[in-house]
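# Coordinate inspection notes
One-letter residues, chain by chain:
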Amino acid sequence: MNTKKKWKKTCLMLLLILTMLFPAGCGKESLTDVFGLAGIGSGKGDVSCVSGDRYVHNTLSEKQQLVYDEMLHAIINMQENVRLSTTDTEDVKRCYHAICADYGEIFWVDSCSYTEILLFGRPCAVNFTISYAYTPEEVADYRAQMQPVIDEYLERLAACESDYEKTEVLYRKLICEVAYDMSADNNQNILSVFLGKKTVCQGYACAVQYLLQQAGVPCVIITGIAQGQPHAWNMVLLDGDYYYLDATWGNTDFLGESSIAAGSVNYGYLNITSDELFVNHQPQVDFPLVNCDSREANYYVKNKLYFDSWDADAIGAKLSRGFEEKEDSVSLKFADGELLVQAKTYFIDDKHITDYCEKISRIYYVQDEDLHILTIYF
């Protein structure tokens, strides 16, 4: 993932004579006049808050939420600069990161910067400047091109009977319809997903956040490191509990064509816990994360493919049904590594799978030791 959050800090000293700035009876109005004469954008302290349902926005202080709202208002309206209601540059950086996590649909920002304004050596204001990748006309054109595709996704999600089903449908649909391709154009935003049909982790995470949020499921983009590389995924709220969802790792295309699993959907990263995800993912965000500890909406739990104790016949019945129904594979999740090893030894090494799949002639399998998942390909 190659983020484009370019920050520069410029200190501007206004060396003006005090009596010229603040004549008798002069208050804050004169300071505002000075900013106007200096070409500094005016603040938007009365902007409305439209982000009350956004995860990161709600982790901010009331003061930071106002700064967030001012910055978002400027970005949505494609303003080039705005004076913010803060003198703390850390607020600016944190609020910009928060907007990027809360709004996956923003594809038109190229880079941002801030200017710290000093008056007699002391911070008195911060100006936020945005550079755009496209003109307003180009943005409108891209939106019009994407809308029919977005509408098709949202119509499919609206037909789902539960929020869990929305995550499963979207996870599968994105993986099956959008290829993982590091050379894809605009792969850091939703243009690559809805127009190019090829993307990488950031594109997947932005699309998941945007579509689920539009479908009434609170969702946020999480960035960090996975297997030593920059990565992006999502955290989603289902029936009062948070879960992690990583559509990129659900797409087995990134494993390469030589992999047995290539071309299939890996449901291992659909609605999992913090403990499971953090085995190979490390978040690097400047906002607090809740501990995701529920398994109620996990794919394997929902589909009765999760085993927390040894039951050879119950496990064999799942394999038998998949084989008889001519499924390409059956994937089973176990509560711990010991159960995973026991299942692999019993069904694969000791060939007891033939007790349940009598006419089976060959077996391929993939063992995920991080998530304790055994997938058998028929």
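Residues numbered from 1 in each chain as written. Predicted model: local features only at pLDDT ≥ 70, side-chain atom pairs only at ≥ 80, totals over all residues. Heavy atoms only, no water.

## What about the overall build of the protein chain?
A count of helical and extended segments in the protein chain gives 13 helices and 15 strands. For the protein chain, restricting intrachain contacts to residue pairs at least 6 apart in sequence, the fraction spanning at least 24 positions comes to 64%. Within the structure as shown, the protein chain displays about 18,100 Å² of accessible surface, and the carbon and sulfur contribution to it stands at 47%. (Helix = DSSP H or I, 4+ residues; strand = E, 2+ residues; numbered from the N terminus. Contact = heavy atoms within 4.5 Å. Areas by Shrake-Rupley, 256 points an atom, 1.4 Å probe, with all protein chains shown as cover.)

## Here we look at the pattern of salt bridges
Throughout the structure, instances matching the rule amount to eleven salt bridges. Note that Asp 91 is salt-bridged to Lys 63, the shortest N-O span being 3.3 Å. One end of the pair, Asp 91, is in helix H4 (residues 89–102); the other, Lys 63, is in helix H3 (residues 62–76), with 28 residues separating them in the sequence. Relative accessible area serves as the criterion here: at 5%, Asp 91 is assigned to the buried category. The partner of Glu 177 in a salt bridge is Lys 173, with the nearest N and O atoms 2.9 Å apart. On the criterion of helical spacing, the pair formed by Glu 177 and Lys 173 is a turn pair, its members being four residues apart in helix H6 (residues 163–177). Note on Glu 177: relative accessible area 36%, which makes it partly exposed. (Salt bridge = Lys/Arg side-chain N within 4 Å of Asp/Glu carboxyl O. Buried < 20%, exposed > 50% of the residue type's maximum accessible area, 1.4 Å probe, protein only.)

## Side note on the packing of aromatic side chains
Taken as a whole and judged by the stated rule, the model has 19 aromatic pairs. Where Tyr 55 meets Phe 287, the ring centres are 6.3 Å apart and the plane angle is 70 degrees; that geometry is what we call edge-to-face. Residue Tyr 55 is found in the loop between helix H2 (28–37) and H3, and its partner Phe 287 is found in the loop between strand S11 (281–283) and helix H11 (299–302); the two are separated by 232 residues along the sequence. A residue is classified by how much of its surface remains accessible, and Tyr 55, at 14% relative accessible area, is buried. Ring centres of Tyr 134 and Tyr 142 lie 5.1 Å apart, and the angle between their planes is 70 degrees; this geometry places the pair in the edge-to-face category. (Phe/Tyr/Trp six-rings, centres within 6.5 Å; stacked < 30°, edge-to-face > 60°.)

## So, the side chain of Asn 271
Along the chain, Asn 271 falls in strand S10 (residues 270–272). Residue Asn 271 is classed as buried on the basis of its relative accessible area, which comes to 0%. At 3.1 Å, the side chain of Asn 271 and the backbone oxygen of Ala 297 are in polar contact. Once residues lying within four places of it in the same chain are set aside, the contact partners of Asn 271 are Tyr 164, Thr 167, Val 236, Leu 238, Tyr 243, Tyr 244, Leu 245, Ala 297 and Asn 298. (Polar contact = N/O pair within 3.5 Å; in protein donor to acceptor, adjacent residues only side chain to side chain.)

## What to know about the sheet that holds strand S13 (residues 329–334)
Taken in spatial order, the four strands of this open sheet run S12-S13-S15-S14, and their pairing is mixed. Looking at the sheet topology across the chains shown, the edges are occupied by strand S12 (306–307) and strand S14 (364–368). In the packing of helix H12 (residues 312–324) onto the sheet, contacts are made with S12, S13 and strand S15 (373–377), and the angle to S13 comes to roughly 160 degrees. (Pairing = 2+ DSSP bridges. Axes fitted to C-alpha atoms, helices over the stretch in contact; angles between N-to-C directions.)

## Some thoughts on the sheet that holds strand S7 (residues 219–226)
Sheet architecture is open: five strands sit in the order S10-S9-S8-S7-S11, paired in antiparallel fashion. Looking at which strands have only one partner, the edges of the open sheet turn out to be S10 and S11. Averaged over all adjacent pairs, the angle separating strand axes in this sheet is 45 degrees, with direction ignored.

## Focus: the nonpolar core
Core analysis: the largest hydrophobic core is formed by 105 residues, its most contacted members being Met 71, Ile 75, Trp 108, Val 109, Phe 128, Phe 194 and Phe 334. The element contributing the most residues to this core is helix H8 (residues 201–214), with nine residues. Residues in contact with Met 71, not counting those within four places in the same chain, are Leu 84, Val 92, Cys 95, Tyr 96, Ile 99 and Phe 128. (Core = buried A, V, L, I, M, F, W, Y, C linked by side-chain atoms within 4.5 Å.)

## Focus on the environment of His 231
In this structure, His 231 sits in strand S8 (residues 229–238). On a C-alpha basis, the gap between His 231 and Asp 246 in space is 9.8 Å, while along the polypeptide they are 15 residues apart. Here the side chain of His 231 touches Asp 246 through a polar contact of 2.7 Å, side chain to side chain.

## A look at helix H13 (residues 337–349)
An α-helical turn contains 3.6 residues, so a residue and the one three or four places further along point in the same direction. Those residues of H13 that fall on the buried side of the exposure criterion are Leu 339, Leu 340, Ala 343, Lys 344, Phe 347 and Ile 348. Along the axis of H13, the buried positions cluster into a sector of 135 degrees, meaning they face one direction only. Elements in contact with the buried residues of H13: S12, H12, S13, S14 and S15. (Arc of directions from axis to C-beta.)

## Brief notes about the confidence of the model for the protein chain
Averaged over every residue, the pLDDT of the protein chain is 88; the share at 70 or more is 85%. Contacts from residues 1–44, a stretch scored under 50 in pLDDT, to residues over four places away or in other chains number 80 contacts. (pLDDT = per-residue confidence, 0-100.)

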